[in-house]
Amino acid sequence: MKLFRSFRKNDDGAVTVETSFLILSLIILTGGAIEAGYALFQWNGAQTAARTGARIAATSDPVATQMNTMTGLSNSVAVGDPMPYYRLECDNKNKTCDAGGYDATAMSRIVFGPDGDNRCGATTRARRGMCDIFSETKRANVSVAYQNSGLGKAGYQTDPAPLVTVTLKDVPLKFVFLDLVGFSNIATLPPVQATVMGEDLKNG
């Protein structure tokens with residue numbers, strides 16, 4: 001019993017223990033800040049890539065080939081009437097659109113850029129695609145949607161004036177330290193979208 005009381009009163013090494021806890025806390029906080037900063041860097045890169053993809057999609061042949069023939073005319077819609085509501089989404093993972101055909105070449109232009117090299121890497125600003133800006137962009141991560149903006153006129157197929165939305169989704173989030181210890185692919189970036197007006201889908 002006397003030995004136990006003596007042990008309780010002995011504070012040798014207390015400073016070392018407290019310092020160890022403090023250093024461990026600082027390491028965890030510093031590591032967390034680095035991981036959060038790197039995640040924000042990736043999210044910003046994904047946003048920039050989505051905006052670039054949307055600009056390319058809005059000035060290129062549509063991925064949804066139905067856009068090339070769609071007039072909006074029907075028994076209740078005449079030439080010159082407002083274009084009826086539509087939305088066509090093309091998923092590169094399944095290489096399909098909601099309706100009509102899927103243009104793989106048009107999608108490749110969005111992902112890899114107007115240079116047509118089908119690879120990611122350094123290139124001139126005017127030739128950049130999504131993966132040239134954000135290297136984690138893969139074909140399967142990209143979808144493109146064409147939606148009625150309310151500006152197009154039925155019967156004037158060359159001027160559908162859609163809203164073009166490019167979405168980058170299901171991109172694995174990379175980590176600085178967690179990947180080193182085997183915790184890779186434990187999270188994905190939130191979906192990132194960019195929308196622009198596609199006044200002329202073929203002027204690029």
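The coordinates are above.
This structure is a prediction, so every number in the text was calculated from the model and none was measured. (Residues numbered from 1 in each chain as written. Predicted model: local features only at pLDDT ≥ 70, side-chain atom pairs only at ≥ 80, totals over all residues. Heavy atoms only, no water.)

**Description of the overall build of the protein chain**
(1) Moving on: Scanning the protein chain from terminus to terminus reveals four helices and five strands.
(2) Moving on: Reading the protein chain from its N end, one meets helices and strands in the order α-α-β-β-α-α-β-β-β.
(3) Moving on: Considering the protein chain as a whole, with its 204 residues, one finds that 33% of them fall into the buried category.
(4) Moving on: Considering only contacts in the protein chain between residues 6 or more positions apart, those separated by 24 or more positions represent 69%. (Helix = DSSP H or I, 4+ residues; strand = E, 2+ residues; numbered from the N terminus. Buried < 20%, exposed > 50% of the residue type's maximum accessible area, 1.4 Å probe, protein only. Contact = heavy atoms within 4.5 Å.)

**Points about the sheet that holds strand 3 (residues 142-148)**
(1) Moving on: Judged by pairing direction, the sheet is antiparallel, and its five strands sit side by side in the order 2-1-3-4-5 without closing on themselves. Each edge of the open sheet carries a strand with a single partner, namely strand 2 (96-97) and strand 5 (192-197).
(2) Moving on: Sheet analysis places strand 1 (residues 87-91) next to strand 2, joined by two bridges and oriented antiparallel. Across the sheet, the residue bridging to cysteine 90 is cysteine 97, located in strand 2. (Pairing = 2+ DSSP bridges.)

**A few points about the packing of aromatic side chains**
(1) Moving on: Taken as a whole, this structure holds one aromatic pair when the rule is applied.
(2) Moving on: Both rings, one in tyrosine 38 and one in phenylalanine 41, keep their centres 6.2 Å apart while their planes meet at 15°; by these two values the pair is stacked. Here tyrosine 38 pairs with phenylalanine 41, and both are found in helix 2 (residues 14-58), just three residues apart, close to one helical turn.
(3) Moving on: Its relative accessible area of 30% is what places tyrosine 38 among the partly exposed residues. (Phe/Tyr/Trp six-rings, centres within 6.5 Å; stacked < 30°, edge-to-face > 60°.)

**Points about unusual backbone geometry**
(1) Moving on: Its identity as a non-glycine residue notwithstanding, lysine 95 has a phi of 55°, on the positive side.
(2) Moving on: Summarising the element assignment, lysine 95 is placed in the loop between strand 1 and strand 2.
(3) Moving on: Of note, the phi angle at aspartate 170 is positive, near 55°, even though the residue is not glycine.
(4) Moving on: By the secondary structure assignment, aspartate 170 is in the loop between strand 4 (162-168) and strand 5.
(5) Moving on: For aspartate 170, a relative accessible area of 48% puts it in the partly exposed group.

**As for the pattern of salt bridges**
(1) Moving on: Going through the model one piece at a time under the given rule, you end up with one salt bridge.
(2) Moving on: In this structure, arginine 87 and glutamate 89 form a salt bridge, with 3.3 Å as the shortest nitrogen-oxygen distance. (Salt bridge = Lys/Arg side-chain N within 4 Å of Asp/Glu carboxyl O.)

**Brief notes about the nonpolar core**
(1) Moving on: Counting residues in each nonpolar core, the largest one holds 38 residues, and the members touching the most others are Val63, Val142, Val144 and Leu168.
(2) Moving on: Of all the secondary-structure elements, those providing two or more residues to this core are helix 2, strand 1, helix 3 (104-112), helix 4 (130-133), strand 3, strand 4 and strand 5.
(3) Moving on: Apart from the residues within four sequence positions on either side, valine 142 is in contact with Cys90, Asp91, Asn92, Met107, Val111, Met130, Thr137, Val166, Thr167 and Leu168. (Core = buried A, V, L, I, M, F, W, Y, C linked by side-chain atoms within 4.5 Å.)

**Digging into the environment of isoleucine 56**
(1) Moving on: Locating isoleucine 56 in the fold gives a position in helix 2.
(2) Moving on: Taking the C-alpha atoms as reference points, isoleucine 56 and alanine 106, 50 residues apart in sequence, are found 9.5 Å from one another.

**Observations concerning the side chain of aspartate 91**
(1) Moving on: Mapped onto the elements of the fold, aspartate 91 is located in strand 1.
(2) Moving on: Comment: no salt bridge for buried aspartate 91; closest opposite-charge side chain is lysine 169, at 4.3 Å.
(3) Moving on: Within polar-contact distance, the side chain of aspartate 91 engages the side chain of asparagine 94 at 3.0 Å.
(4) Moving on: The contacts of aspartate 91, once residues within four sequence positions are left out, are Thr96, Tyr102, Val142, Ser143 and Lys169. (Lys, Arg positive; Asp, Glu negative; His and termini not counted. Polar contact = N/O pair within 3.5 Å; in protein donor to acceptor, adjacent residues only side chain to side chain.)

**A word on the state of the cysteines**
Disulfides are covalent bonds that link the sulfur atoms of two cysteine residues.
(1) Moving on: The full count for this structure, using the stated rule, is two disulfides.
(2) Moving on: Here the disulfide map of the protein chain reads 1-2, 3-4, the bonded cysteines being numbered as they appear in the sequence. (Disulfide = S-S within 2.5 Å.)

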